[in-house]
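In case you want the letters, here they are:
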Amino acid sequence: MWPASQYSHTNQHAPNAVKSNDHQNQQNLKTLGMTSAISMAGPKPIDIEKTNELKDALVPFGVFESEQEMHHRMEVLGALHRLVRQWIRDESLRKNMPLSVAETVGGNIYTFGSYRLGVHHRGADIDALCVAPRHIDRCDYFASFYELLKTQPQVKDLRAVEDAFVPVIKMNFDGIEIDLLFARLALKEIPGKKGSGDSPVDSFDLRDDMLLKNLDQKCVRSLNGCRVTDEILRLVPNINNFRLTLRAIKLWAKRHGIYSNTLGYLGGVSWAMLVARTCQLYPNALPATLLHKFFLVFSQWKWPQPVLLKQPDSVNLGFPVWDPRVNVSDRFHLMPIITPAYPQQNSTFNVSASTRTVIMEEFRLGLDVTDEIMLGKCGWERLFEAPHFFSRYKHFIVLLASSARALDQLQWCGLIESKIRHLITTLERNPHITIAHVNPECYNSVPLNTNNGQPLALPPGIAVSSDNVNEINKNEEGEVIANVCSMWFIGLVFDKTNVNVDLTYDISSFTKAVHYQAENTNMLREGMTIEARHVRRKQLHQFLSPSLLIKRERTQSGTKRKHDAHPASTLNTHPPAPVKKTKRLSESSTDEVSILSYNDDSNSSNVVEVNIQNGNAANHSQETDRNKPTDKQMAKPEHSPSTSSTIACT
């Protein structure tokens, strides 16, 4: 349980400071955020009760690690730190540095992201940064250090992404996924940690802006993760309250499919900054209240007004910063959330019109649910109920990525996933498409050779059979056959007019862009294919295992979710804006669109099928088949999953 004494109102970075409540309130008003706090009210007994209930509700979802798991992470980081020190020492000697000097040049591992914030969950990866002195180059990192990691028995799934916007080495180190960045500082040596035991203290503060002098852009980007994370922790009034609130928001965002920076939603640092801003506005509130206020604030936020945790720094070291007054491109960002460390950047530049619509819709629904929770009408479990994506739309684009071997599939999927947001942007430009909603879940298929070459998605978390997935199979003509497949689903909502929609060019442009980058990075292998299909909701059983469609059946037969509840209207504290019954935008229309689709067979209707195999791209168009519009079968508007029942592709 969470006793009242645990909720102190002082910043956890200054535990020895003894101040009066009045003085602390004045400090909060003066120093936290761009504006003064909305409310300085402290917790009431009901707030403590709701916070205890919140923590209990989070436990079944595995958001808290055991002491044993936490200790294992520390051991892994310690082992990785020793490897880095060994590598820097050996590399220094190779560059003819005296042994006495090589022993003292140092080198450190710094964590950032969810682990540094203290909100990582069971099985989460660790974001870390390798900091080296000036005589160690990035090319050394991706050469000799990479080779050193190869020799370590604890290291598996090792891969280097040297050409990425932020170069990274990814690995599984003794069961823990680690993304390790690299930064070279313009210093002769990197100071080590002070103290001993399990919790040595860093004597080196990466928040010092002068450390960025004379660094290249890639080093600055790599350092930015640590600098932003530390600044966020410095800017919140109470770290314990911030952490529990952020754990709940991260779980909610993942359950509702809006947690993915790569696909145009919000990533971990963006969610952390939104929660931090809520904490600044309500500095003395407990997590239960903060969670409610989070939805209240951001369901009404006037985007593209930026979210800022502090006044931007006036440092001028020549690095580009987010400033729409100077940079024209910054004026087109839809949901700017600005990092608090120099050089300030927008952490949400990937957000598109569709993803912003989906996010804002979830904020609105989250406010409705938390209103009910605070009134005692339901429990926190309701907030973490996952909506069923496949019952929300009538039409989908399915992207299928296939490879001959599982070893190739990891990189192939990573490349395709990084490009999906560009496809979403292209689809949004189509005047007949209202929303292109990508599900961030990447579904792994059963091996193709076990299902007559047809993909069939497994539920997330279900391990794919590893038998023969790394063996290369060929057909009678000697061509490599794909055996490993992954897929993404994009739900489509059309406008209210009867039109023919041609998506052939949009899809082929996307696949060509993927193919082009795969060739330029020497990633393309025999057997790699990318394919896009148009699928109606009634055809999803061809791609999804039955367990993924169970919720859909429950929804159609009578969902347990109460769509007509509006607790917001019962609150006296803030008059609500007029709202309709709680329903999603994708469920708000029953208008129909005529169909003309290309069919590969009698069971599926493909928008376009573009295969990339052995470096060649080909478009496959099939004969047209006009189908009748489906009947309107929805008794209630809130259960109609899409604005369209058919799609035309010419």
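Look up a bit, the structure's there.
As the structure is a computational prediction, the values presented were derived from the model and not from experiment.

**Some details on the sheet that holds strand β5 (residues 176–184)**
- Overall, mixed pairing links the five strands, which are arranged β1-β2-β5-β4-β3 in an open sheet. Every interior strand has two partners, whereas the edge strands, β1 (108–112) and β3 (155–161), have only one. Here the strands of the sheet are splayed against their neighbours by 25 degrees on average, with no regard to which way each runs.
- Pairing between β3 and strand β4 (residues 168–173): five bridges, direction antiparallel. Opposite arginine 159, over in β4, you have lysine 170 as the bridge partner.
- Contacts between helix α6 (residues 138–150) and the sheet are confined to β2 (126–132), β3, β4 and β5, with β3 contributing the most and set at about 165 degrees to the helix.

**Describing the environment of leucine 211**
- With respect to the secondary-structure elements, leucine 211 resides in the loop between β7 (201–202) and α7 (217–235).
- Each C-alpha atom of the pair leucine 211 and alanine 186 lies 7.4 Å from the other, and the pair is 25 residues apart in sequence.
- Look past the residues within four positions of leucine 211 in its chain and what remains in contact with it is Leu185, Leu187, Phe204, Asp205 and Leu206.

**Quick word on the pattern of salt bridges**
- For the structure on display, the rule yields 25 salt bridges.
- Arginine 138 is paired through a salt bridge with aspartate 216; the nearest N and O atoms lie 3.3 Å apart. Residue arginine 138 is found in helix α6, and its partner aspartate 216 is found in the loop between β7 and α7; the two are separated by 78 residues along the sequence.
- Note that arginine 207 and glutamate 231 form a salt bridge whose closest N and O atoms lie 3.6 Å from each other. A residue pair is termed long-range when its members are at least 10 positions apart, and arginine 207 in the loop between β7 and α7 and glutamate 231 in helix α7 qualify at 24 residues.
- Owing to a relative accessible area of 31%, arginine 207 belongs among the partly exposed residues under this scheme.

**Some details on the packing of helix α12 (residues 406–429) against helix α13 (residues 504–520)**
- It is the contact of α12 with α13, at a shortest axis distance of 10 Å, that shows an interaxial angle of 145 degrees. Note on packing geometry: the crossing formed by α12 with α13 is right-handed. Between α12 and α13, the residues in contact are Trp412, Leu415, Ile416, Lys419, Ile420, Leu423, Thr426 and Leu427 and Asp506, Ile507, Phe510, Val514, Gln517 and Ala518, respectively.
- Broken down by class, the residue content of the contact of α12 with α13 amounts to ten nonpolar, two polar and two charged.

**Points about the pairing of β1**
- For β1, the tally of buried residues reaches five of five residues, placing the bulk of the element in the interior.
- Burial of the side chains of β1 extends over both faces: Asn108, Tyr110 and Phe112 are buried on one face and Ile109 and Thr111 on the other.
- Looking at chain direction, β1 and β2 are connected through five bridges and run antiparallel. Residue pairing in the sheet places phenylalanine 112 in a bridge with aspartate 127 of β2.

**Quick look at the packing of helix α9 (residues 268–281) against helix α10 (residues 287–298)**
- The geometry of α9 relative to α10 is characterised by a closest axis approach of 9 Å and an angle of 105 degrees between their N-to-C directions. Relative to α10, the element α9 lies roughly perpendicular. Only Leu290, Lys293, Phe294, Val297 and Phe298 of α10 make contact with α9, whose side of the interface consists of Trp271, Leu274, Val275, Arg277, Thr278, Cys279 and Leu281.
- Residue classes in the contact of α9 with α10 are distributed as nine nonpolar, one polar and two charged.

**Things to note about α12**
- End to end, α12 covers 35 Å across 24 residues, agreeing with the expected 34 Å (1.5 Å per residue, within 8%).
- At lysine 419, α12 shows its strongest bend, of approximately 30 degrees.
- Residues of α12 that are buried: Asp408, Gln409, Trp412, Cys413, Leu415, Ile416, Lys419, Ile420, Leu423, Ile424 and Leu427.
- Among the structural elements, α11 (353–374), β8 (395–403), β9 (433–438), β13 (484–494), α13 and β14 (529–536) are those in contact with the buried residues of α12.

Criteria and thresholds
Residues numbered from 1 in each chain as written. Predicted model: local features only at pLDDT ≥ 70, side-chain atom pairs only at ≥ 80, totals over all residues. Heavy atoms only, no water. Pairing = 2+ DSSP bridges. Helix = DSSP H or I, 4+ residues; strand = E, 2+ residues; numbered from the N terminus. Axes fitted to C-alpha atoms, helices over the stretch in contact; angles between N-to-C directions. Contact = heavy atoms within 4.5 Å. Salt bridge = Lys/Arg side-chain N within 4 Å of Asp/Glu carboxyl O. Buried < 20%, exposed > 50% of the residue type's maximum accessible area, 1.4 Å probe, protein only. Left-handed = near helix turned anticlockwise from the far one by under 90°. Nonpolar A, V, L, I, M, F, W, Y, C, P; charged D, E, K, R; others polar. Parallel < 35°, antiparallel > 145°, perpendicular 65-115°, else oblique. Expected span 1.5 Å × (residues − 1). Bend = angle between axes of the 7 residues up to and from the residue.

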